[in-house]
Amino acid sequence: MRTWTPPRIPELPGSGQAPRLFNTATGRLEHPPVEDERATLYVCGVTPYDATHLGHAATYLAFDVMQRAWLDAGIEVHYAQNITDVDDPLLERANATGVDWRALADEQIGLFRSDMHRLGMIPPADYVAVTERIDRIAEAVQRLRARGLAYPVPTDDASPGAGDDLYFDTRGAEAETQWRLGDVAPYDRELMELLSSERGGDPGRAGKRDPLDPLLWRAARDGEPSWGTVLGLGRPGWHIECAVIASEALGPAFTVQGGGEDLVFPHHEFTAAHATALTGTPLAHAYCHVGLIAYEGHKMSKSRGNLVLVSKLLNGGADPSAIRLGILAHHYRQEWEWFDGDLEVATRRLRAWREGIERVGEDPANAAAVLQRLRQALANDLDTPVMLATLDAALDRGVDDPALIADAAMALLGVELREE
Ligand code: 5CA
Ligand code: ZN
């Protein structure tokens, strides 16, 4: 898939450190290994049925800043992201509104691309829609089946000749591979069953070997999109899509698998399980998750409809750098609520910084020391609130090298201090 034009990232003198990051799978701050000064990052992309909301923006912004930290440390980054362009909620929305699902997906992908570009996000090198990889995904399910890790569940409503739905054998995978349930998600079984039912799974479906076993392949149903593949007519399950797209783009054991906190279970648990079964190697070294953003008292979600759309803020005249600052005022792992006044607060901060950079103070802050403090905070699990406080203090005084601070704000935070 086409991406968007990359932002300008100024070169800074010297270099930062590779960041320590919180790994959900171990519950610790770690330095995920970066081989040959090259980090590999996969971030789960959108299901394109409703335009980019601030929750999405917060997730992609956290991984944008993670890349800026690596780049500033002299580490090259290979970034991949998917688009879940065939999935139940997208199809439901298309049916409900009488729009063709492909047209809906195309329109929303276009909007997402434009929002990411306007927000100055680093684009992925591999931007892969599920519909571009159906055959590869079906072949992967076939390989799991050949290994005895995929099994059919009787499917009486499939289209004629479409076969049965296929499920992943969780217990079989635990016996045959290095993966164990709970390797990614630090949750007990009861919570896993609850989350599975809330997040696209079907723990109550009859005929499964374990209630948690996730769908690998959905046999065609009348009125649903399907593809003819080695498995017959059907479409892929959610986790196997990301397992195949991520492993093909980045290879096994890449540096970081990322997404919002709502993807820890079942999505990232089973993406890791499938990939381990397919490649013999764990999916990633670290699993990083962004705290969910709420609005009007609830997690911002397309299904609830309590959305603050990025395009609406931008079209209403919001400065992209102010939107970034509104989000970066919170640590990425924190769960927080967006209030309508937040944009005004962020805009005031941006204005103060832009004035501060022009100020010739009596006792200006030493820009090189400010840069060092910014780099330290960034390397400490992307501590953007500390970075913002550092710049508040420095720009309140004025700095002895404004160009360096403007470049640092742009390179490390993607915040533009020089107005065009
Ligand atoms: N297509 C799947 C991933 S393969 C998906 O979750 N799509 S999504 O459109 O629902 O979300 C896209 C990304 O935004 C995911 O990483 C998700 O975890 C994140 N996200 C969704 N809602 C929020 C929220 N309220 N706060 C923070 N991140 C969110
Ligand atoms: Zn995913």
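The tally for this structure, following the rule as stated, stands at 29 salt bridges. As a salt-bridge pair, Arg189 and Asp210 come within 2.7 Å of each other at their nearest N and O atoms. Residue Arg189 is found in helix α6 (residues 189-198), and its partner Asp210 is found in the loop between α6 and β8 (215-219); the two are separated by 21 residues along the sequence. Among the residues examined, Asp210 registers a relative accessible area of 2% and is labelled buried. Its salt-bridge partner being Arg333, residue Asp381 comes within 2.9 Å of it at the nearest N-O pair. Remark: Arg333 occurs in the loop between α10 (320-328) and β15 (336-337) and Asp381 occurs in the loop between α12 (367-379) and α13 (384-397); sequence separation between them is 48 residues. Assessed through its relative accessible area of 3%, Asp381 is described here as buried. The network of salt bridges with shared partners includes Asp88, Arg218, Glu224 and Arg235.

As a further point, take the state of the cysteines. Summed over the entire model, instances satisfying the criterion amount to 0 disulfides. Between Cys288, a cysteine without a disulfide, and Cys44, which holds the nearest cysteine sulfur, the sulfur-to-sulfur distance is 13 Å. Overall, Cys288 belongs to the buried group, its relative accessible area being 0%.

What follows deals with the coordination of the zinc ion (ligand 2). Protein coordination of the zinc ion (ligand 2) is provided by Cys44 (SG), Cys242 (SG) and His267 (NE2), with donor distances spanning 2.1 to 2.3 Å. In this structure, the zinc ion (ligand 2) is coordinated by 4 donor atoms arranged in tetrahedral fashion, with angles at the metal of 103 to 117°. The motif formed by the donor residues of the zinc ion (ligand 2), counted along the single chain, is C-x197-C-x24-H. Of this pair, Cys242 sits in helix α7 (residues 238-250) while His267 is found in helix α8 (residues 264-279), placing the two residues 25 residues apart along the sequence. In this pair, the class of Cys242 matches that of His267, namely buried.

Taken in spatial order, the 3 strands make up an open sheet running β14-β13-β15, and their pairing is mixed. Edge positions in the sheet fall to β14 (298-299) and β15, since each of these pairs with one other strand and no more.

Turning to the site of ligand 1, a few remarks are in order. Of all residues adjacent to ligand 1, which total 24 residues, the nearest are Gly45, Thr59, Thr84, Asp262 and Lys302. A distance of 2.9 Å is found between an oxygen atom of ligand 1 and a backbone nitrogen or oxygen belonging to Gly260. The protein chains hide 95% of the 600 Å² of surface that ligand 1 would expose on its own. Sort the elements by how many residues they give to the shell around ligand 1 and helix α1 (residues 54-72) lands first, with 4 residues. Taken together, the residues of the shell around ligand 1 break down into 9 nonpolar, 12 polar and 3 charged.

Right, let's get into the environment of Glu174. Of note, Glu174 is situated in helix α5 (residues 170-176). Given a relative accessible area of 26%, Glu174 falls into the partly exposed group. Filtering out sequence-adjacent residues up to four positions away, Glu174 remains in contact with Trp179, Arg180 and Leu181. Separated by 2.8 Å, the side chain of Glu174 and the backbone nitrogen of Leu181 make a polar contact.

What follows covers the domain arrangement of the protein chain. Partitioning the protein chain into domains gives domain 1 (32-150 + 167-202 + 236-294) and domain 2 (319-331 + 340-413). A straight line from the C-alpha centre of domain 1 to that of domain 2 covers 32 Å. Opposite the 15 residues of domain 1 that make contact, domain 2 presents 13 residues. Buried area between domain 1 and domain 2, summed over both chains or domains, comes out near 1,100 Å², and the portion from carbon and sulfur atoms is 69%. Of all residues in domain 1, Leu61, Val65 and Arg68 give up the largest surface area on contact with domain 2, accounting jointly for 44% of the area buried on that side. Linking domain 1 with domain 2 are 2 salt bridges, by the criterion used here.

With 15 residues, helix α11 (residues 342-356) ought to run about 21 Å at 1.5 Å a step, and its terminal C-alpha atoms sit 21 Å apart, in line with that. Among all positions of α11, only Asp342, Leu343, Ala346, Leu350, Trp353, Arg354 and Gly356 are buried. One side of α11 carries all its buried residues, which in axial view fall inside an arc of 160°. In this fold, the buried residues of α11 make contact with α9 (310-315), α10, β15 and α13.

All right, on to the sheet that holds β8 then. Read across the open sheet, the 5 strands follow the order β6-β7-β8-β10-β9; overall the sheet is antiparallel. Of all strands in the sheet, those with a lone pairing partner are β6 (150-153) and β9 (227-229), marking the two edges. Strand-to-strand twist across the sheet, computed as the mean angle between neighbouring axes with direction ignored, equals 40°. Bridge analysis of β6 against strand β7 (residues 165-168) gives 4 bridges, and the strand direction is antiparallel. Residue pairing across strands places Ala150 opposite Phe168, the latter belonging to β7.

The next thing to look at is helix α4 (residues 134-146). Taking 1.5 Å as the rise per residue, α4 with 13 residues should run 18 Å; its terminal C-alpha atoms sit 18 Å apart, in good agreement. Considered for burial, the residues of α4 that qualify are Ile134, Ile137, Ala138, Ala140, Val141 and Leu144. Down the axis of α4, the smallest arc covering the buried residues is 155°, so these residues share one side. Where α4 ends, the next residue or the one after it, Gly148, has phi of about 80°, a positive value.

Leu54, Phe168 and Trp338 are the most contacted members of the largest nonpolar core, which totals 132 residues. Of the residues forming this core, the biggest block, 11 residues, is contributed by α1. Shared between two domains, this core holds at least three residues of each, these being domain 1 (32-150 + 167-202 + 236-294) and domain 2 (319-331 + 340-413). Discounting chain neighbours no more than four positions away, the residues touching Leu54 are Ile293, Met300, Val308, Val310, Leu313, Ile323, Ile327 and Trp338.

Procedures and definitions
- Residues numbered from 1 in each chain as written.
- Chains lettered and ligands numbered in written order.
- Predicted model: local features only at pLDDT ≥ 70, side-chain atom pairs only at ≥ 80, totals over all residues.
- Heavy atoms only, no water.
- Salt bridge = Lys/Arg side-chain N within 4 Å of Asp/Glu carboxyl O.
- Helix = DSSP H or I, 4+ residues; strand = E, 2+ residues; numbered from the N terminus.
- Buried < 20%, exposed > 50% of the residue type's maximum accessible area, 1.4 Å probe, protein only.
- Disulfide = S-S within 2.5 Å.
- Donors = N, O, S within 2.8 Å, 3.2 Å for Na, K, Ca; no water.
- Tetrahedral: all angles 85-135°; square planar, octahedral: opposite > 155°, others 65-115°.
- Pairing = 2+ DSSP bridges.
- Near = heavy atom within 4 Å.
- Polar contact = N/O pair within 3.5 Å; in protein donor to acceptor, adjacent residues only side chain to side chain.
- Areas by Shrake-Rupley, 256 points an atom, 1.4 Å probe, with all protein chains shown as cover.
- Nonpolar A, V, L, I, M, F, W, Y, C, P; charged D, E, K, R; others polar.
- Contact = heavy atoms within 4.5 Å.
- Domains from an automatic or database assignment.
- Buried area = accessible area lost by both parts, 1.4 Å probe.
- Expected span 1.5 Å × (residues − 1).
- Arc of directions from axis to C-beta.
- Axes fitted to C-alpha atoms, helices over the stretch in contact; angles between N-to-C directions.
- Core = buried A, V, L, I, M, F, W, Y, C linked by side-chain atoms within 4.5 Å.

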